[in-house]
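Residue-level structural notes
Below, each chain spelled out in residue letters.
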Protein chains: 4
Amino acid sequence: MIVARTPVTVRYAETDMMGVVYHANYLPWFEMGRTVLLKDIGIAYRDLEAAGFRLPVLEVSARYLRPARYDDALEVTTVLRERPLVRIRLEYEVRRGDELLATGMTVHAFIDLQGGIVRPPAWVTQRFAEKLNDGKRGQVPNP
Amino acid sequence: MIVARTPVTVRYAETDMMGVVYHANYLPWFEMGRTVLLKDIGIAYRDLEAAGFRLPVLEVSARYLRPARYDDALEVTTVLRERPLVRIRLEYEVRRGDELLATGMTVHAFIDLQGGIVRPPAWVTQRFAEKLNDGKRGQVPNP
Amino acid sequence: MIVARTPVTVRYAETDMMGVVYHANYLPWFEMGRTVLLKDIGIAYRDLEAAGFRLPVLEVSARYLRPARYDDALEVTTVLRERPLVRIRLEYEVRRGDELLATGMTVHAFIDLQGGIVRPPAWVTQRFAEKLNDGKRGQVPNP
Amino acid sequence: MIVARTPVTVRYAETDMMGVVYHANYLPWFEMGRTVLLKDIGIAYRDLEAAGFRLPVLEVSARYLRPARYDDALEVTTVLRERPLVRIRLEYEVRRGDELLATGMTVHAFIDLQGGIVRPPAWVTQRFAEKLNDGKRGQVPNP
């Protein structure tokens, strides 16, 4: 298991006339969580794109339990449980202190510049394998 | 079954550096679809809010099959299959001509101004009942 | 003078907790106005990009006179007054019926794929010239 | 002069198909800068709204000098030069290290819940006066 934690402060732009964060605006927070998780294990998504890979979202879901509000200091927890083969599945939790506000999930595939699904480059596979094994040896990831 | 069709033209603002529409930007299209479906059966969501009701998103999911691109002329099909009691479940399909680009689903509940889950106002329940019965009598909704 | 008119229906996603449209969300409406103005005179911005040209925003300004609200049916009027040389300047007005809600302005330059400022392709220059001359001959543009 | 500095990391969601940040997405960064500047001088905008005041944007402008890109670590500098009376004018600079990417300006007015322009509450005026005087006495604001 690889875990990353990302702080988010709610922007006024992210609220809607219901006075709370518009539901679609949680998805970019998940995306920030992914970027940080990958960076934490030594994969800059930017470099991945520069190397000709893309990691589009094939599937997303979210459940909204309590509303987030303007200027809230939140934390997004991003979790990778399984070694990614062709697909990567990530899970998310959005918290304000101890309160769980929302949970989510995304599924991704590596594609090349022609849009075809491909295996990730070897160095990426290796980073995932190393970090997932670390976790299995009982180390606390990303304390 | 109640069905609504909503045209959408992709904005440049909705694309990302992958050259296609950013996945979160499909969710406002679903929202436009809901607004139109409700309006088609005589419920202006605006009036619903003015009457003290809110219909927040409790759950959302989407699957992305083919990318949408800038300036594409799309159609969002919004479907209500079951008579809503406390919860409303809506389904969505995004198409470019004959191509299915994405599917989605949202679950909503009626809440009052204090945020408590409530039954929808009687006139709303009635509109849904009438229209769902129409569908059962074999009429083609929203031709 | 070239004038284009573009209908916009306000999305819930575009509102903020003030209960009105968030100011930044007028800018994609201006962008829709530009797309339509160019298309009206035979220039698909999409083709322009496919031909290796980009038309980034160098400058933007907006004034907000009256708030736009969810589900409002608006019209964006986009105006090109001067024949574009290296720079293009466009003006915008957002109206709800007779009420003027906002005005705006953008300045653009043609750039190539390396990001250098370039002259627009000849066919583009010609379209602008033809249409601006039409206007001078007293025809009503885009009635 | 009151100065606030706000870090921003560019989200994938903020880019467009030109491969850089979409121009409208700088405006929420300005908003984050405002929130921080007010908070730095002891004014939580959230409390201001709770007290029945709104501070809408009446005017905005921005100039784009160099593109911002995905995952860039930026800094937004927000400056208040003049003591606000009925209107507040704020200026912004967006930098990536030493490079100036964009500048901007917003004008705001205090309005009450009915939308009428009002003077700011006394405690707000006082905070601004104190801090602007501090600056005049030669102290370095927000080091």
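Residues numbered from 1 in each chain as written. Chains lettered and ligands numbered in written order. Predicted model: local features only at pLDDT ≥ 70, side-chain atom pairs only at ≥ 80, totals over all residues. Heavy atoms only, no water.

**Observations concerning the interface of chain C and chain A**
For clarity, the threshold we go by: In this analysis, two residues are considered to be in contact whenever any of their non-hydrogen atoms come within 4.5 Å of each other. Buried area: the accessible surface (1.4 Å probe) lost by two parts on joining, summed over both. Note on definitions: salt bridges are taken to be side-chain nitrogens of Lys or Arg within 4 Å of carboxyl oxygens of Asp or Glu. Whenever two N or O atoms come within 3.5 Å, that pair is a polar contact, provided that in protein one can donate a hydrogen and the other can accept it, and provided that, for residues adjacent in sequence, both atoms are side-chain atoms. Residue classes follow a fixed rule: Ala, Val, Leu, Ile, Met, Phe, Trp, Tyr, Cys and Pro count as nonpolar, while Asp, Glu, Lys and Arg count as charged, and any other residue, Gly among them, counts as polar.
With nine residues of chain C in contact, the opposing surface of chain A contributes nine residues. Roughly 940 Å² is buried in total at the junction of chain C and chain A, and carbon and sulfur atoms are behind 71% of that figure. Linking chain C with chain A are zero salt bridges, by the criterion used here. For the interface between chain C and chain A, the tally reads four residue pairs in polar contact (both at pLDDT 80 or more). Its residues assigned to classes, the side of chain C that touches chain A shows six nonpolar, two polar and one charged.

**What to know about the relation of the copies chain C and chain A**
Operational definition: Superposition of the copies used a least-squares fit over C-alpha atoms from residues whose pLDDT is at least 70 in both.
The operation relating chain C to chain A is a screw motion whose rotation component is 180°, with 0.0 Å of axial translation and a residual RMSD of 0.0 Å. What the rotation and shift describe, once combined, is the action of a two-fold rotation axis. Every residue of chain C has its C-alpha some distance from the rotation axis, and the shortest such distance is that of Asp 16 of chain C, at 1.9 Å. Mapped onto chain A, 100% of the interface residues of chain C are again interface residues, and the two copies thus contact each other with one and the same surface.

**Details of the interface of chain B and chain A**
Applied cut-off: For helices the rule is a DSSP run of H or I covering at least 4 residues; for strands it is a run of E covering at least 2, with both sets numbered from the N terminus onward. The pairing criterion is simple: DSSP has to find at least two bridges between the two strands.
Contacts between chain B and chain A engage 22 residues on the former and 22 residues on the latter. Between chain B and chain A, roughly 1800 Å² of surface is buried when both sides are summed, and carbon and sulfur atoms account for 59% of that area. Scanning the region where chain B abuts chain A turns up two salt bridges. The interface formed by chain B and chain A holds six residue pairs in polar contact (both at pLDDT 80 or more) in total. Counting residues per element, the ones that place at least two in the side of chain B that touches chain A are α1 (27–40), α2 (45–50) and β2 (57–64) of chain B. When residues in the side of chain B that touches chain A are grouped by element, the largest group, eight residues, is from β2 of chain B. Of the residues in the side of chain B that touches chain A, the class split is 14 nonpolar, two polar and six charged. Looking at chain direction, strand β2 (residues 57–64) of chain A and β2 of chain B are connected through five bridges and run antiparallel. Bridged to Ala 62 of chain A within β2 of chain B is Val 60 of chain B.

**Re the packing of aromatic side chains**
As a reminder of what qualifies: Here the aromatic set is Phe, Tyr and Trp, taking the six-membered ring for Trp, and pairing holds for ring centres within 6.5 Å; pairs whose planes are under 30 degrees apart are stacked, those over 60 apart are edge-to-face, and all others are tilted. When a residue's accessible area, from a 1.4 Å probe over protein chains only, is under 20% of the maximum for its type it is buried; when over 50% it is exposed; and in between it is partly exposed.
Evaluation of the coordinates by the stated rule reveals 28 aromatic pairs over all chains. Their ring planes at 65° and their centres at 5.7 Å tell us that Tyr 12 of chain B and Tyr 45 of chain C sit as a pair that is edge-to-face. Note that Tyr 12 of chain B is positioned in the loop between β1 (2–9) and α1 and Tyr 45 of chain C in helix α2 (residues 45–50), a pairing that runs across two chains. Summarising the burial analysis for this pair, Tyr 12 of chain B and Tyr 45 of chain C share the class buried. Each ring, one from Tyr 26 of chain B and one from Trp 29 of chain B, has its centre 4.8 Å from the other, and the planes form 50°; the classification is tilted.

**Observations concerning the environment of Pro 84 of chain D**
Residues and elements named next belong to chain D. Along the chain, Pro 84 falls in the loop between β3 (73–80) and β4 (87–96). Linking Pro 84 and Ala 24, residues 60 residues apart in sequence, is a C-alpha distance of 26 Å. Ignoring sequence-local partners within four residues, the contact set of Pro 84 consists of Phe 128 and Leu 132.

**Brief notes about the sheet that holds strand β5 (residues 99–109) of chain D**
Two modes of strand pairing occur in sheets, parallel and antiparallel, and in both the strands are linked by backbone hydrogen bonds. Test applied: Only the stretch in contact is used when fitting a helix axis, every axis being a line fitted to C-alpha atoms; angles between N-to-C directions are given from 0 to 180 degrees.
Strand order in this open sheet of ten strands is β1(C)-β3(C)-β4(C)-β5(C)-β2(C)-β2(D)-β5(D)-β4(D)-β3(D)-β1(D), and the pairing throughout is antiparallel. Each edge of the open sheet carries a strand with a single partner, namely β1 (2–9) of chain C together with β1 (2–9) of chain D. Looking at each pair of strands side by side, their axes are set apart by 15° on average, direction ignored. Direction of pairing for strand β3 (residues 73–80) of chain C relative to strand β4 (residues 87–96) of chain C: antiparallel, over a ladder of six bridges. Looking at the pairing, Thr 77 of chain C lines up with Glu 93 of chain C of β4 of chain C. Strands β1, β2 (57–64), β3, β4 and β5 (99–109) of chain C of the sheet are contacted by helix α1 (residues 27–40) of chain C, whose axis makes an angle of about 135° with β1 of chain C. Packed onto the sheet, helix α1 (residues 27–40) of chain D meets β1, β2 (57–64), β3, β4 and β5 of chain D and runs at close to 135° relative to β1 of chain D.

**Structural notes on the relation of the copies chain B and chain A**
With an RMSD of 0.0 Å, the operation that places chain B on chain A is a rotation of 180° combined with a shift of 0.0 Å along the axis. Comparing interface residues between copies, 100% of those in chain B also sit at the interface in chain A, which points to an isologous, same-surface contact.

**Focus: unusual backbone geometry**
The backbone of Asp 71 of chain B shows a phi angle near 75°, a positive value even though the residue is not glycine. On the secondary structure map, Asp 71 of chain B appears in the loop between β2 and β3 (73–80).

**What about the confidence of the model for chain A?**
Convention followed: A residue's pLDDT is the predictor's confidence in that residue, given on a scale from 0 to 100.
A residue-level look at chain A finds 94% of positions with pLDDT of 70 or above and a mean pLDDT of 92. With pTM at 0.94, the complex prediction returns an ipTM value of 0.92.

**Description of the sheet that holds β3 of chain B**
Pairing in this open sheet of ten strands is antiparallel, and the strands run β1(A)-β3(A)-β4(A)-β5(A)-β2(A)-β2(B)-β5(B)-β4(B)-β3(B)-β1(B) from one edge to the other. A strand with exactly one partner marks an edge of an open sheet, and here the two such strands are β1 (2–9) of chain A together with β1 of chain B. Across the sheet, the mean angle from the axis of one strand to that of its neighbour is 15°, orientation sign disregarded. Of the strand pairs in this sheet, β2 of chain A and strand β5 (residues 99–109) of chain A are connected by seven bridges, and their pairing is antiparallel. By the bridge assignment, Tyr 64 of chain A is partnered in β5 of chain A with Ala 102 of chain A.

**As for the environment of Glu 49 of chain D**
Residues and elements named next belong to chain D. Relative to the helices and strands, Glu 49 resides in helix α2 (residues 45–50). Judged by its relative accessible area of 9%, Glu 49 is buried. Linking Glu 49 and Leu 38, residues eleven residues apart in sequence, is a C-alpha distance of 13 Å. A polar contact is formed between the side chain of Glu 49 and the side chain of Tyr 45, at a distance of 2.7 Å.

**Considerations on the side chain of Asp 16 of chain C**
Take Asp 16 of chain C: it is sitting in the loop between β1 and α1. Among the polar contacts made by the side chain of Asp 16 of chain C, one reaches the main-chain amide nitrogen of Met 18 of chain C at a distance of 2.8 Å.

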